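Residues per chain, in single letters:
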Amino acid sequence: MYIIGTVTIYLGLAISIYALIAFIIGIRKQNQSWINSGKNSVLMMFFISSILMTLLFLALGTDQYQFKYVSTYTSSDLALIYKLCALWAGNAGSLLLWTFFLTMYNAMVTFSKKMKANPMVPYISSILLGNTIFFYFLLATTAKPFELNEVIPREGNGLNPMLQDPGMILHPVTLYLGYVGMAVPFAFAIAALMLKNVDSFWIRMTRRWTLLAWLFLTLGNVIGGWWAYLELGWGGYWAWDPVENASFMPWLTVTAFLHSVMIQERKQMLKVWNLSLIILSYSLTLFGTFLVRSGVLTSVHAFGDSNLGTYFLIFMAFAVIFAMYVMMSRYQLLKKDSGQFESFLSKESSFLINNLILVGATFAVFWGTIFPLVSEAVKGTKVTVGIPFFNTVMSPILLGLMFVMAVCPLIAWQKSTVKNLQKNFVVPALLSIIVAVILFVFGIRGAYPLISFGIVSFMLLTHILEIYRGVRARRSVTKEAYPVALVRLMRKNRRRYGGYTVHFGIALMAIGIIGSQNFDVETMKTVAIGETIQLENFKVTYEELGQKREGMNDVVYAVLSVEKDDKKLGKVIPEKIFFGNNNQPPSTRVGLLSSWEEDLYTVLSTWEADKRATFVVRINPLVKWIWTGGIVVIIGTLFAIWGGKYNQITPRYTGAERKVS
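Everything quoted here is computed from the prediction, not taken from an experiment. Per-chain numbering applies: the sequence of each chain, read as written, is numbered from 1 onward. Totals for whole chains, interfaces and linings use all residues, but because this is a predicted model, local features are given only for residues with pLDDT of at least 70 and pairs of side-chain atoms are given and counted only at 80 or more. Side-chain metrics in this entry use all non-hydrogen atoms of the structure; hydrogen atoms and water are not considered.

Student: Before we go on, may I ask you to explain the overall build of the protein chain in this structure?
Tutor: Broken down by element type, the protein chain carries 20 helices and 10 strands. On C-alpha atoms alone, the protein chain measures out to a radius of gyration of 27 Å, which is about the 26 Å that the 2.2 N^0.38 rule sets for 661 residues. Principal axes of the C-alpha set define a box for the protein chain whose edges measure 85 × 80 × 60 Å. The long-range share in the protein chain, meaning contacts at least 24 apart out of those at least 6 apart in sequence, stands at 73%. Every accessible area reported is derived by Shrake-Rupley at a probe size of 1.4 Å, with residue values counting cover from the shown protein chains alone. Put simply, the protein chain shows about 28,900 Å² of open surface, and 64% of that area lies on carbon and sulfur atoms. Only DSSP runs of H or I with at least four residues qualify as helices, and only runs of E with at least two residues qualify as strands; both kinds are numbered from the N terminus onward. Radius of gyration means the value over C-alpha atoms here, while the globule rule gives 2.2 Å times the residue count to the 0.38 power. Here a residue-residue contact requires only that any non-hydrogen atoms of the pair lie within 4.5 Å.

Student: It is not clear to me how helix 20 (residues 623–641) should be interpreted in this structure. Could you clarify?
Tutor: Since one α-helical turn is 3.6 residues long, residues separated by three or four positions face the same way. Under the convention used throughout, the expected extent of a helix is 1.5 Å for every residue step, that is, one less than its residue count. With 19 residues, helix 20 extends 28 Å from end C-alpha to end C-alpha; this agrees with the ideal 27 Å at 1.5 Å per step. Listing the buried residues of helix 20 in full gives Val623, Ile626, Trp627, Gly629, Gly630, Val632, Val633, Ile634, Gly636, Thr637, Ala640 and Ile641. Considering only its buried residues, helix 20 is in contact with helix 9 (201–231), helix 19 (494–518), strand 9 (598–607) and strand 10 (613–621). Burial classes: relative accessible area under 20% of the type maximum marks a residue as buried, over 50% as exposed, and values in between as partly exposed (1.4 Å probe, protein chains only).

Student: Looking at this model, I keep getting lost on empty space enclosed by the protein. Mind explaining?
Tutor: The probe, sized like a water molecule, is rolled over the atoms to show the empty space still left. In this analysis the probe radius is 1.4 Å and the grid spacing 1 Å, with only protein atoms considered; a cavity is a set of points the probe fits into but cannot get out of, a pocket is an open set with protein on both sides within 12 Å along at least five of seven lines, and lining residues have an atom within 4 Å of a point. Grid points are joined across faces, edges and corners, and a volume is the space filled by probe spheres set on the points. Taken as a whole and assessed by the stated rule, the structure comprises 4 cavities of 30 Å³ or more. Here the second largest cavity defines a volume of roughly 40 Å³. As for the second largest cavity, its lining consists of Ala189, Ala192, Leu193, Asn197, Val198, Asp199, Trp202, Gln264, Lys271, Leu275 and Leu334. For the lining of the second largest cavity, the secondary-structure elements that each account for two or more residues are helix 8 (183–194) and helix 11 (271–294). Looking at the lining of the second largest cavity, the element that brings in the most residues is helix 8, giving 3 residues. Each residue receives one of three labels: charged for Asp, Glu, Lys and Arg, nonpolar for Ala, Val, Leu, Ile, Met, Phe, Trp, Tyr, Cys and Pro, and polar for the others, Gly being one of them. Taken together, the residues of the lining of the second largest cavity break down into 7 nonpolar, 2 polar and 2 charged.

Student: Quick question: what am I supposed to make of the environment of Leu212 here?
Tutor: The topology assignment puts Leu212 in helix 9. On the basis of relative accessible area, Leu212 is assigned to the partly exposed category, the value being 23%. In the structure, Leu212 is positioned 34 residues away from Gly178 in sequence and 7.3 Å away in space, judged by C-alpha atoms. When near neighbours in sequence (up to four residues on either side) are disregarded, Leu212 contacts Ile641 and Trp642.

Student: Teacher, can you tell me more about the packing of aromatic side chains here?
Tutor: For any two aromatic rings, the description comes down to two numbers: the centre-to-centre distance and the angle of the planes. Pairing of aromatic rings covers Phe, Tyr and Trp, the last through its six-membered ring, and needs centres within 6.5 Å; plane angles under 30 degrees mean stacked, over 60 mean edge-to-face, and all others mean tilted. Scanning the entire structure with this criterion turns up 36 aromatic pairs. For the ring pair Tyr229 and Tyr601, a centre distance of 5.0 Å and an interplane angle of 45° mean the geometry is tilted. One end of the pair, Tyr229, is in helix 9; the other, Tyr601, is in strand 9, and 372 residues separate them in sequence. According to the relative accessible area criterion, Tyr229 is buried, its value standing at 1%. On the numbers, 5.9 Å between centres and 15° between planes, the contact of Phe248 with Trp251 is stacked. Remark: Trp251 and Phe248 occur in helix 10 (residues 242–267); sequence separation between them is 3 residues, near one turn of the helix. Between the NZ or CZ atom of Arg445 and the centre of the ring of Phe440, over which it lies, the distance is 4.1 Å. Working rule: Lys NZ or Arg CZ, within 6 Å of ring centre, within 35 degrees of ring normal, means a charge sits over the ring.

Student: So what exactly am I meant to see when it comes to the sheet that holds strand 10 here?
Tutor: Backbone hydrogen bonds hold the strands of a sheet together, and the pairing may be parallel or antiparallel. Pairing between strands is defined by DSSP: at least two bridges between them are needed. Spatially, 1-10-9-8 is the arrangement adopted by the 4 strands of the open sheet, whose pairing is antiparallel. What marks the edges here is a single partner per strand, and that holds for strand 1 (521–527) and strand 8 (591–594). The mean angle between the axes of side-by-side strands here comes to 15°, regardless of whether they run parallel or antiparallel. As defined by bridge partners, strand 8 adjoins strand 9 across 4 bridges and the pair is classed as antiparallel. Residue Ser594 lies in a different strand from strand 9, and its bridge partner there is Asp599. Think of each axis as a best-fit line through the C-alpha atoms, taken over the contacting stretch in the case of a helix, with angles from 0 to 180 degrees between the N-to-C directions.

Now the structure itself:
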């Protein structure tokens, strides 16, 4: 297996280099035979990466400890699913996964029916091949997944306890799909520039690709937050960790891109801006990978110190310089026939403001993330930027974004009048004020939560009003029942109403974030069996402390009964898991009672021989709204991606003609 795996990696590197050369020769000589050879090589690379994935899965699943990667990240007592998930637990395996996804995306684009006979294909594939060569080079020289141990150990080290969680199955994979997925619109954009095709063709062709990448980034971030909430036992879901920030920043810039491209499609405006956004988004995915693998910043997600960070930094610099050179060489062409803003009170302006807010948020997160490195370089002392900085900076940015999201659906293209604004916004504004007053009456006194809930309400109400008007207009023509009119209207305009659904999901998540950050309470108390912990209107009674065996692991658990307002809600069982084959500290499994109003979050901290135990008990309001909002966002994105008339129509290519495709 070692020989097969190693030879296959070198073969993949050789074929990827050959494919790039074949495309370059085919483009320069306008020779279709060379292009076809390059395409066949792309398909072969996907086949090779699939073989490599299969070999490593087989080695992990069958405890082949002669391989250093297998002995480092698995053990015989580990469940099969976590043995397989160990493929992305370390550098070599995760880079192999990245390579597999990259070759998969390249094959899908190269042999897409919509790209058949399109002269952009060799350029797109060549750009993706540049990425592939880089990753195969790392697999062949630095991060070797099939490297052998000098002495074969009798047992493996096992998987990090924090990674033995269902989140490990989905979180890294979805993030990698999002990271690698951003290479596709980047390749389309650069290929369009190289062919001097500066209209909206590349944007229309990459809409689904970009939405898919954004969807996977969203899934990765939401699943990661849910995982941290249940696994780490610290009571939160987002700590502004450097690697969390690294996955959040491209999500922000891709969100900006998905909004601003609508202006280019409709008005032929913001061409340079959109290209800059896609280059920035792609660069941030590489920057995130650099943070994970360089060890320059402390993070629970980091793979540790590695010279891979240097390689990624060099590759990122090369990619950005190359992309900027191509874009600036076409600058005059991009500015030609570009539209102009006609009024500040227009949908175009609201989209631009939306973009500025999102890019501003990206810069704020970026600055907070790299500030420790800057401070160390300037003063020699690494100053860590904590959660309060990010919360203070990002909270008003979130509210500004929610306000723009509220205004955008009801504002007209080109130019809106004051009368139009009054007609569209008076009712939602008044209702949102009423919501804030009601919340004040029910006991919410803080200015920030009142303003925040008011703005979120305003956003929800404007979207509801926009949908209602659309349904009413359709019903006036078709005489359909309201539910039928709603369903058919949404199916006919999937992109718009899928976007509105995503906005609803973002609003639900904002409600959860605002509530959990402003109204959470916590207590820590040591009690004996039979004693209670009182926290607001909750009464938690400590009933039992026990120990059980789960495979090689020892689990210490406590049984707590919960009452709220003298009404029994049930029992929670917080646990500490001691991993028999790992020297790391025990893992925490929280006891959780969740409702739409609040979560009761319990953690078993320590215990004594007499069974006295210390518990952390938290009330986290509205957290369930975050996960529900994430589900709504995913549903809205899927609704916008699949089906609809634009998915059956291939945009017309208007760029330079070529004999090869």
